Amino acid sequence: MSPVFPMLTVLTMFYYICLRRRARTATRGEMMNSHRTIESNSRTSPLNAEVVQYAKEVVDFSSHYGSENSMSYTMWNLAGVPNVFPSSGDFTQTAVFRTYGTWWDQCPSASLPFKRTPPNFQSQDYVELTFEQQVYPTAVHVLETYHPGAVIRILACSANPYSPNPPTEVRWEILWSERPTKLNASQARQFKPCIKQINFPTNLIRLEVNSSLLDYYTELDAVVLHGVKDKPVLSLKTSLIDMNDIEDDAYEEKDGCGMDNLNKKFSSAVLREGPNNGYFDKLPYELIQLILNHLTLPDLCRLAQTCKLLSQHCCDPLQYIHLNLQPYWAKLDDTSLEFLQSRCTLVQWLNLSWTGNRGFISVAGFSRFLKVCGSELVRLELSCSHFLNETCLEVISEMCPNLQALNLSSCDKLPPQAFNHIAKLCSLKRLVLYRTKVEQTALLSILNFCSELQHLSLGSCVMIEDYDVIASMIGAKCKKLRTLDLWRCKNITENGIAELASGCPLLEELDLGWCPTLQSSTGCFTRLARQLPHLQKLFLTANRSVCDTDIEELACNCTRLQQLDILGTRMVSPASLRKLLESCKDLSLLDVSFCSQIDNRAVLELNASFPKVFIKKSFTQ
């Protein structure tokens, strides 16, 4: 037999798996929209009247543009009746997420993406809303008032947040999902996706969004849940559902290919003896490992059941150096972690963001996992992981001595004293504490002992009393700092800016958006421009004092600038912006929304002269 046959066998197997995966994921949105419109075929008795209700409360979210101490641009605006709809435009009474487009992925602070992220998981942010009554959903309407099209997934939960008794089982079901699509219009719309019918009542709805294709921030005004109290009876028309859709669900649920039955996949201690694997057995171990490296985690689970040889390969710890569990947040639990344990002894990157909420992961389960798998960890993502408590951070500090990156973004339920343990992680280079309750004493300790920090996010940390003291410590201890996020820090002054500028000369990214105590008249922005020549991103959002002098200093000293946000200033003219654009050849993003001297005509003229620069000019109808 020709020696090329073994390679052909491997490639054929890999090609089949890829085709199967593509067929399953690529048509998901189509199937839900065209074949699963069961609600239109339902029979509702006259007594089972439809209930229409707006969201009662926002219970969880991953980020928002607004402040923790106000209502402007916050997720909390999604509760209740519409504030703006049907008007279009940029309104403070709406819910706005922190980012849009791909700009944040192009910044110096951007993290490398995880390998093995399934192509059908593209969610970037989420918000969870509760409603007064539990119903069987017949429709979910989202009122979008500015740059619509970010919502890509809608889910329902079986748990009732208002029930006094904790549920014995918590299930999440996808009502609708679709890949990100770009809409040309920025006008308001009432988004009415065709949702599938579920077999349990719900009053907890989750929206997941992807803003990567948007030209500007999306704004949501309200969410309407339609439903009936009694379970609808399906008509015979439901038999017209595509059989591929049924087969797909049965494959996942009965065979347990999702994270639900991860333990069953990996706990098969003995595989039946099968026929000889032919030339496949003769392939180099490394070649098989390389092929399997292209599979997602559920695919590894499936493949592990085929034969002993592949089971051995699928359970090799080298397959789990980078482990992204965020896509499986809805089903990942203690049992899943337990059966992954023996395979993750070499894991270096671990993403548990969004996981473990509502009792799915316990403190004990997380601690057991890290005690076995934490020694080689270099990067740990725990954004919005609300099961975390002080014990968890203590375990991280003890079991992960090599940790260099820790993300605790929006872990707003962590008690302030828990952050003291981070100071033990002296090798940290990246620390994200956005929307946490870290206090000043703990943060000063972290900065004192973690002098290797290169990326630090302190956006919306409302418990810090004096940001000037923090800035002084950063300037004294963090000489290698490259990026700093001080978004909405409430009291930093020119003194803190002076300490930062003199102590951190390597800064490439600085976010001072919505810092109201900074005044251009003190010379703080001029000092930044003169002492930080490596700046690539500078956000001075909503600082009304930024003036032409500051822009001209940036033009002279920060020629590497790529992104600049001066939204809301009254003192900048088109002439100074032209100088900036002429000097900063790499500038790609310039936000001049609500700049009173920069009208639409000026934007059009600048766009004509500098077509490679995206100049943003928001509006209110």
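These lines cover the structure that appears in this document, whether it is placed above or below. Quick caveat, the model's predicted, so the values are computed rather than measured. (Residues numbered from 1 in each chain as written. Predicted model: local features only at pLDDT ≥ 70, side-chain atom pairs only at ≥ 80, totals over all residues. Heavy atoms only, no water.)

1. Concerning the pattern of salt bridges
Basically, it comes down to this: Within this document, salt bridges are pairs made up of a side-chain nitrogen of Lys or Arg and a carboxyl oxygen of Asp or Glu, the two lying within 4 Å of each other. Helix and strand definitions follow DSSP, with helices as H or I runs of at least four residues and strands as E runs of at least two, each counted in order from the N terminus. Think of it in three bands: residues with accessible area under 20% of the maximum for their type are buried, residues over 50% are exposed, and the middle band is partly exposed, with areas taken using a 1.4 Å probe on protein chains only.
For the structure shown, the criterion picks out 21 salt bridges. In this structure, the salt-bridge partner of D485 is R98, at a minimum N-O distance of 3.2 Å. Of this pair, D485 sits in strand 18 (residues 483–485) while R98 sits in the loop between strand 4 (95–96) and strand 5 (125–146), placing them 387 residues apart in sequence. Take D485 and R98: they sit in the same class, and that class is buried. Residue K196 is joined to E173 by a salt bridge in which the shortest nitrogen-to-oxygen separation is 2.5 Å. Of this pair, K196 sits in the loop between strand 8 (189–191) and strand 9 (202–209) while E173 sits in strand 7 (residues 172–177), and the two are 23 residues apart along the sequence.

2. Some details on the pairing of strand 2 (residues 50–54)
The condition is simple: Here, strands pair whenever DSSP counts at least two bridges between them.
In strand 2, alternate side chains face the same way, and those of V51 and Q53 are buried while those of E50, V52 and Y54 on the opposite face are not. Of the strand pairs in this sheet, strand 2 and strand 10 (residues 219–228) are connected by 5 bridges, and their pairing is antiparallel. Along strand 10, the bridge assignment pairs Q53 with L225.

3. Comments concerning the environment of N607
Let me state the cut-off plainly: In this analysis, two residues are considered to be in contact whenever any of their non-hydrogen atoms come within 4.5 Å of each other.
With respect to the element layout, N607 can be found in helix 17 (residues 600–609). Excluding its chain neighbours within four sequence positions, the residues that come into contact with N607 are V613 and I615.

4. Overview of unusual backbone geometry
Between F85 and P86 the backbone carries a cis peptide bond, its omega angle lying at 15 degrees. Relative to the helices and strands, P86 is located in the loop between strand 3 (57–61) and strand 4. With a phi angle near 60 degrees, Y73 is a residue other than glycine that sits in the positive phi range. Summarising the element assignment, Y73 is placed in the loop between strand 3 and strand 4. For Y73, a relative accessible area of 10% translates into the label buried. One non-glycine residue with positive phi stands out, namely W514, at about 60 degrees. Note that W514 resides in the loop between strand 19 (509–511) and helix 14 (524–531).

5. Some words on the sheet that holds strand 15 (residues 405–407)
Rule in force here: Axis definition: a line fitted to C-alpha atoms, over the contacting stretch in the case of helices. Angles run 0 to 180 degrees between N-to-C directions.
The strand order across the open sheet formed by 12 strands is 12-13-14-15-16-17-18-19-20-21-22-23, and the pairing between neighbours is parallel. The open sheet has two edge strands, strand 12 (322–324) and strand 23 (614–616), and neither has a second partner. Strand-to-strand twist across the sheet, computed as the mean angle between neighbouring axes with direction ignored, equals 5 degrees. Pairing of strand 18 with strand 19, which is carried by 3 bridges, proceeds in the parallel orientation. Of the residues in strand 19, the one forming a bridge with T483 is E509.

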